[in-house]
Amino acid sequence: MNPANYVVLAAILFTIGATTVLVRRNAIIVFMGIELMLNAANLAFVTFARMHGDLSGQVVAFFVMVVAAAEVVVGLAIIVAIFRTRRSASVDDVNLLRS
Amino acid sequence: MITTATHAASAPVTAAWLLVALPLLSAAVLLLAGRRAERWGHWLGVAASAGAFVVGAVLWFALLGRDAEDRVLVASYGSWIPAGDFSVDLGMRVDPLAMTFVLLVTFVGTLIHVYSVAYMAHDAHRRRFFAYLNLFVAAMLLLVLADSYVLLFVGWEGVGLASYLLIGFWDHERPNAVAAKKAFVVNRIGDIGMIVAVMAMVAVFGTTDIGAVSEGAAQAGEGWLTLIGLALLLAACGKSAQFPLQSWLGDAMAGPTPVSALIHAATMVTAGVYLVVRSGAIYDGAPTAQLVVAVVGAITLLFGAIVGCAKDDIKKVLAASTMSQIGYMMLAAGLGPIGYAFAIFHLLTHGFFKAGLFLGAGSVMHGMSDQVDMRRFGALARSMRITWITMALGWLAIIGVPPFSGFWSKDRIVESAYALEGTWEPWVFGTVALVGVGITAFYMSRLFFMTFHGTRRWDDGSGIAPGVEPVTGAVQHPHESPRLMTWPMIALAVGSAVLGGLLAIGGAFTTWLEPVTGHVEHHEPVLPVVAIMVTTFVLILVGAFLAWRQYAAAPVAAIAPRGSVLTRAARRDLYQDTVSEAVVMRPGQYLTRSLVYGDRTVLDGGVTGLGRAVAGAGELARKVQTGFVRSYALTMALGVVVLAAVVLAVRI
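Per chain, residues are indexed from 1 in the order of the written sequence. Note on labels: chains are lettered from A, ligands numbered from 1, in written order. Totals for whole chains, interfaces and linings use every residue, but because this is a predicted model, local features are given only for residues with pLDDT of at least 70 and side-chain atom pairs only at 80 or more, for both listing and counting. Side-chain measures here rest on the full set of heavy atoms in the structure, leaving out hydrogens and waters.

Draft legend 1. Expanded view of helix 21 (residues 529-553) of chain B. All names here are of chain B. Helix numbers and strand numbers start at the N terminus; a helix is a DSSP run of H or I with at least 4 residues, a strand a run of E with at least 2. Between the first and last residue of a helix there are one fewer steps than residues, each counted as 1.5 Å, and that sum is the expected span. The end-to-end C-alpha separation of helix 21 is 34 Å, in line with the 36 Å expected for 25 residues at 1.5 Å each. Burial classes: relative accessible area under 20% of the type maximum marks a residue as buried, over 50% as exposed, and values in between as partly exposed (1.4 Å probe, protein chains only). Ile 532, Thr 536, Ile 540, Gly 543, Ala 544, Ala 547, Tyr 551 and Ala 552 are the residues of helix 21 that are buried. Working rule for contacts: check all heavy atoms of both residues, and any pair within 4.5 Å makes them a contact. Packed against the buried residues of helix 21 are helix 16 (385-399), helix 17 (405-418) and helix 18 (425-452).

Draft legend 2. Main features of the confidence of the model for chain B. The predictor's confidence in any single residue is recorded as pLDDT, a number from 0 to 100. In the predicted model, chain B carries a mean pLDDT of 88, and the fraction of residues at 70 or more is 97%. Both scores are given for the predicted complex: the pTM is 0.79, the ipTM 0.81.

Draft legend 3. Focus on the pattern of salt bridges. Residue and element names in this part refer to chain B. What counts as a salt bridge is simple: a side-chain nitrogen of Lys or Arg found within 4 Å of a carboxyl oxygen of Asp or Glu. In this structure the tally under the stated criterion is 13 salt bridges over all chains. Lys 311 serves as the salt-bridge partner of Asp 573, at 3.2 Å between the closest nitrogen and oxygen. Here Asp 573, found in the loop between helix 22 (565-571) and helix 23 (576-624), pairs with Lys 311, found in the loop between helix 13 (287-310) and helix 14 (314-334); they are 262 residues apart in sequence, far enough to count as distant. We classify Lys 311 as buried; its relative accessible area is 10%. Between Asp 312 and Arg 446 there is a salt bridge; the shortest N-O distance is 2.8 Å. Pair noted here: Asp 312 is in the loop between helix 13 and helix 14 and Arg 446 is in helix 18, with a separation of 134 residues, a long-range link. Taken as a pair, Asp 312 and Arg 446 share a single burial class, namely buried.

Draft legend 4. Summary view of the interface of chain B and chain A. Contacts between the two partners involve 8 residues from chain B, matched on the other side by 9 residues from chain A. Summed over both sides, the interface of chain B with chain A buries roughly 710 Å², with 58% coming from carbon and sulfur. The definition of a polar contact used here is a pair of N or O atoms within 3.5 Å, where within protein one atom must be able to donate a hydrogen and the other to accept one, and adjacent residues in sequence count solely through side-chain atom pairs. Here chain B and chain A share 2 residue pairs in polar contact (both at pLDDT 80 or more) between them. Charged means Asp, Glu, Lys or Arg here, nonpolar means Ala, Val, Leu, Ile, Met, Phe, Trp, Tyr, Cys or Pro, and polar covers whatever is left, Gly included. Within the side of chain B that touches chain A, the residues separate by chemical class into 5 nonpolar, 2 polar and 1 charged. As used here, buried area is the combined drop in accessible area, with a 1.4 Å probe, of two parts when they are placed together.

Draft legend 5. Geometry of the pairing of strand 3 (residues 86-94) of chain B. Residues and elements named next belong to chain B. Whether two strands pair depends on DSSP finding at least two bridges between them. Pairing between strand 2 (residues 73-83) and strand 3: 8 bridges, direction antiparallel. Note that in strand 3 the partner of Ala 83 across the bridge is Phe 86. Hairpin connection from strand 2 to strand 3: 2 residues lie between these consecutive antiparallel strands, with Gly 84 at a positive phi of about 65°.

Draft legend 6. Up close: the side chain of Thr387(B). Inspection of the secondary structure puts Thr387(B) in helix 16. Look past the residues within four positions of Thr387(B) in its chain and what remains in contact with it is Gly360(B), Ser363(B), Val364(B), Phe452(B), Glu480(B) and Met489(B).

Draft legend 7. Inspection of the nonpolar core at higher detail. Residues and elements named next belong to chain B. Side-chain atoms within 4.5 Å link the members of a nonpolar core, which is a set of buried Ala, Val, Leu, Ile, Met, Phe, Trp, Tyr and Cys residues. Ranked by size, the top nonpolar core spans 199 residues in total, and within it Tyr 149 and Leu 152 carry the most contacts. In terms of residue count, the dominant contributor to this core is helix 15 (residues 337-367) (18 residues). Non-local contacts of Tyr 149, meaning those with residues more than four positions away in its chain, are made with Met 194, Val 198, Met 201, Thr 208, Ile 210, Val 213, Leu 275, Arg 278, Ser 279 and Ile 282.

Draft legend 8. Geometry of the packing of aromatic side chains. All names here are of chain B. A pair of Phe, Tyr and Trp rings is counted when the ring centres sit within 6.5 Å of each other, with Trp represented by its six-membered ring. The angle between the planes then sorts it: under 30 degrees is stacked, over 60 is edge-to-face, the rest tilted. Applying the stated criterion to the full structure yields 21 aromatic pairs over all chains. Arranged with centres 5.2 Å apart and planes meeting at 75°, the rings of Phe 129 and Phe 169 form a pair that is edge-to-face. Of the two residues, Phe 129 is situated in helix 4 (residues 126-145) and Phe 169 in the loop between helix 5 (149-167) and helix 6 (174-205); the sequence distance between them amounts to 40 residues. Considered together, Phe 129 and Phe 169 belong to a single accessibility category, that of buried residues. Judged by centre distance (4.9 Å) and plane angle (55°), the ring pair of Tyr 164 and Phe 184 falls under tilted.

Written out as structure tokens, the structure is:
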């Protein structure tokens, strides 16, 4: 199978993720969009590693996973905290720096 | 003009500083002591003035004991303003001219102080009044004794301040405060001339010392001398109420009558004449400026005389008359060296008879519950004998009836005007002076007859005076003033009667002034002297007769009739205030208003506009910061796309 197809898939996934982040209001869905973008990036890394026969791309993919996991922890915690104070998970409701 | 060499002063003359110090100290004590001085303060004021007179008399005798050419003395009291190459010394110039003024100021001043003790007896602020009077005497003496124009300027401003304080002495009434302010502002205009003159002197002569300036004037260029002369004339016009700065003097009558007598008749207003005579060397080198002095004097002479004919307020008539008489002095001073001595001579005799007339007017007001409208007087001669007689002497002196004082001085001015060199000058100035004599005789006789003769136009309690329309107003009980007031009047009346004649014997006064004014050979007038004298006398008789016919023989309306165009104009001081308002005040107001508008719109507008622009830009920038996470995300995404595009574009 032509590895270029994986790159195209990665691009499609990234676009879907980016669009999700930009158009959806629910913080959880936005978060999912971010995850999708991260994983699209991972897919691209892995594909390029395969294409070039170089493992460093795969190593970076691992780093991305670690960072994504940590980010999910912090991000979900923030979302829960905001939900507790505002009774809403909509990102548009959080347009003020003060509470 | 010959400049007599100056001599350093010795023993008694070095005490000249006492002349200024005594009244100044007294003024300080009176102002600082507060209510404690209430009981004896006025006598301290009298004593200070009298003390200054005694010192003046001692100095006078010291001068008389010297030869004529040694009579210009300078008492030096050290350096005052040492500023590198330029320095001003503190010194007093004791010479015949200064001594004439010192004796006039202190003698008439002391009499008026005594008069004021009684006149102001019922005033709650009599102590303050005497403090200001003393301040005035000190400043005036400093003015005439100063040996440099800078020190003279200090005295000049000092008398201006005292004048302001005393015109507005009853400043709880608005018109008085306004009159004081008017006098102050008009005098400031004149002071600009003084400042310009002093600066020009520093530029040309490098000194302001009166002696050095007089000596240097002979070598200086005529252009500079003309500038200095005209600037000094402006200063003199302000202080002496000469055309075109004459408007304040009439309003200055708002002050207490002794103030009008001392400051606005006898002494301060003549300071301008003093200045011109003192600066004679400058005018000798600047014929144009000298001619302007004479023209100003001639205009003011007629101006004051015309205004004096129409006023009904007794003090305002005297004010107009003062203006006119100072016009005579200015005219004389503008005639050059032949006129200087006569200007000062007239100034001296005028100081006596005009102060006497003012004190007489004050005495009439005192007896008539402060009424000043002459149409409410009439037939007062019987009620106030002494006032009547003293004022009669003053009246005869001012209109120039021989042998009273005014005759000796005024007649000489008319003669000198006719003796001027030139084609048209003697005829114009001589005739103006001659016509002025006739008008003076008319308006002063009008004042005298309206006040003391004719029909009674006040209610004496018996009802209405016969032959006059109903008289309104309070019942009057005219009475003679107390002795403290009549004695100074008598003293001044004696001076008005005999002083001129005494000083004219053998040209004594002219000779006495020669060390300052220089010796001048007398020119022959264009008309024979006898013809001038006869014409003058006839004009006096005609003027007095017309006044008698209109105001003593015929009944006088208690309410002023409408009068002719000229009368109405003269009543309003020939529209001087209207003209000043139109020419100076309104444009000034427009100028300030347009400046304020320009300041608000252009300058303030620029600054606030910049601030607004920054705020507006901030407002625009704020719109971008919505707080919506998704719009930030979009911005980031777009940024990344742009970055990627740029990177790609550059690589390809």
